[in-house]
Amino acid sequence: MANYMVFDLVQEITRLDGSVYDELGNIVMNGRAEYAAEQNFIKQVRILKLNIPHSNHVEKVERYINDHYSDPGFSIKRWEEWKKPPEIQKEMQAILNDNRLG
């Protein structure tokens, strides 16, 4: 699979309406999110935890994201929030709990 995304951090994204959500990412994706904030696609991004363990929960979320979304590259024109079904949301919550963030 081209441009398979590997996640090793948790970041908090603040939407333009002020609501927040947590997302997996990596340093490159965090840079894109910083750019998105500068372009007013999102309000802000903040890294909550670096170098998270690559657990089964992370692998499941990573697989889902890679199967349903593509790496946006560096020429983003908008912010795409990765929507997750309930079973993937549970995996995300487990990641937050494992990393003492949830």
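Conventions adopted
- Residues numbered from 1 in each chain as written.
- Predicted model: local features only at pLDDT ≥ 70, side-chain atom pairs only at ≥ 80, totals over all residues.
- Heavy atoms only, no water.
- Salt bridge = Lys/Arg side-chain N within 4 Å of Asp/Glu carboxyl O.
- Helix = DSSP H or I, 4+ residues; strand = E, 2+ residues; numbered from the N terminus.
- Buried < 20%, exposed > 50% of the residue type's maximum accessible area, 1.4 Å probe, protein only.
- Expected span 1.5 Å × (residues − 1).
- Contact = heavy atoms within 4.5 Å.
- Pairing = 2+ DSSP bridges.
- Core = buried A, V, L, I, M, F, W, Y, C linked by side-chain atoms within 4.5 Å.
- Axes fitted to C-alpha atoms, helices over the stretch in contact; angles between N-to-C directions.

K.L.:
Please clarify how the pattern of salt bridges should be interpreted in this entry.
P.N.:
Enumeration over the complete set of coordinates arrives at 6 salt bridges. Linking Glu81 and Arg15 is a salt bridge whose minimum nitrogen-to-oxygen distance equals 2.7 Å. Separated by 66 residues along the polypeptide, Glu81 in the loop between helix H2 (56-68) and helix H3 (86-98) and Arg15 in the loop between strand E1 (9-14) and strand E2 (20-25) bring together distant segments of the chain. The partly exposed category is assigned to Arg15, whose relative accessible area is 24%. Taken together, the shared-partner salt bridges in this structure form one network comprising Arg15, Glu81 and Lys83.

K.L.:
In this structure, what is going on with H2? I would like to understand it.
P.N.:
Residues separated by three or four positions in an α-helix point in the same direction, a consequence of the helix having 3.6 residues per turn. With 13 residues, H2 should reach 18 Å at 1.5 Å per residue; the first-to-last C-alpha distance of 18 Å fits that figure. Those residues of H2 that fall on the buried side of the exposure criterion are Val58, Val61, Glu62, Tyr64, Ile65 and Asn66. Those residues of H2 that are buried are in contact with E2 and H3.

K.L.:
What exactly am I supposed to notice about the pairing of E2 here?
P.N.:
Two faces, one strand: in a regular strand the side chains alternate between the faces of the sheet. The pairing of E1 with E2 spans 6 bridges and is classified as antiparallel. Among the inter-strand pairings, Glu12 is bridged to a residue of E2, identified as Asp22. The antiparallel hairpin formed by E1 and E2 contains 5 residues in its connecting segment, where Gly18 sits at a positive phi of about 95°.

K.L.:
Could you clarify how one ought to interpret the environment of Asn56 in this entry?
P.N.:
Inspection of the secondary structure puts Asn56 in helix H2. Note on Asn56: relative accessible area 55%, which makes it exposed. When the C-alpha atoms of Asn56 and Met5 are compared, they prove to be 16 Å apart, with 51 residues separating the residues in sequence.

K.L.:
Please clarify how the nonpolar core should be interpreted in this entry.
P.N.:
Soluble globular proteins tend to bury their nonpolar side chains together. Of all hydrophobic cores here, the largest spans 16 residues; its most connected members are Phe7, Leu24, Ile65, Trp82 and Ile95. Mapped by element, the contributors of at least two residues to this core are H2 and H3. Dropping the residues within four chain positions of it, Leu24 is found in contact with Phe7, Leu9, Val10, Gln11, Ile52, Val58, Val61, Trp82, Met92 and Ile95. If you look at the next biggest cluster of nonpolar residues, it comprises 8 residues, including Tyr21, Ala36, Ile42 and Val45.

K.L.:
Teacher, can you tell me more about unusual backbone geometry here?
P.N.:
For residues other than glycine, phi is negative in most cases, and the peptide bonds are mostly trans. Notably, Asn40 is not glycine yet its phi reads approximately 65°, a positive angle. With respect to the helices and strands, Asn40 occurs in the loop between helix H1 (27-38) and strand E3 (44-50). Asn40 gets classed as exposed once you look at its relative accessible area, which sits at 55%. The phi dihedral of Asn51 is positive, around 55°, even though this residue is not glycine.

K.L.:
Honestly, the sheet that holds E2 in this entry has me stumped. Any pointers?
P.N.:
The strands making up a sheet associate through backbone hydrogen bonding, with each pair oriented either parallel or antiparallel. Pairing in this open sheet of 3 strands is antiparallel, and the strands run E2-E1-E3 from one edge to the other. Because the sheet does not close on itself, it has two edges, and the strands there are E2 and E3. Along the sheet, successive strands turn relative to each other by an average axial angle of 25°, direction set aside. One ladder, built from 6 bridges, connects E1 with E3; its direction is antiparallel. The residue of E3 that forms the bridge with Gln11 is Ile47. Here H1 sits on the sheet in contact with E1, E2 and E3, set at roughly 160° to E3.

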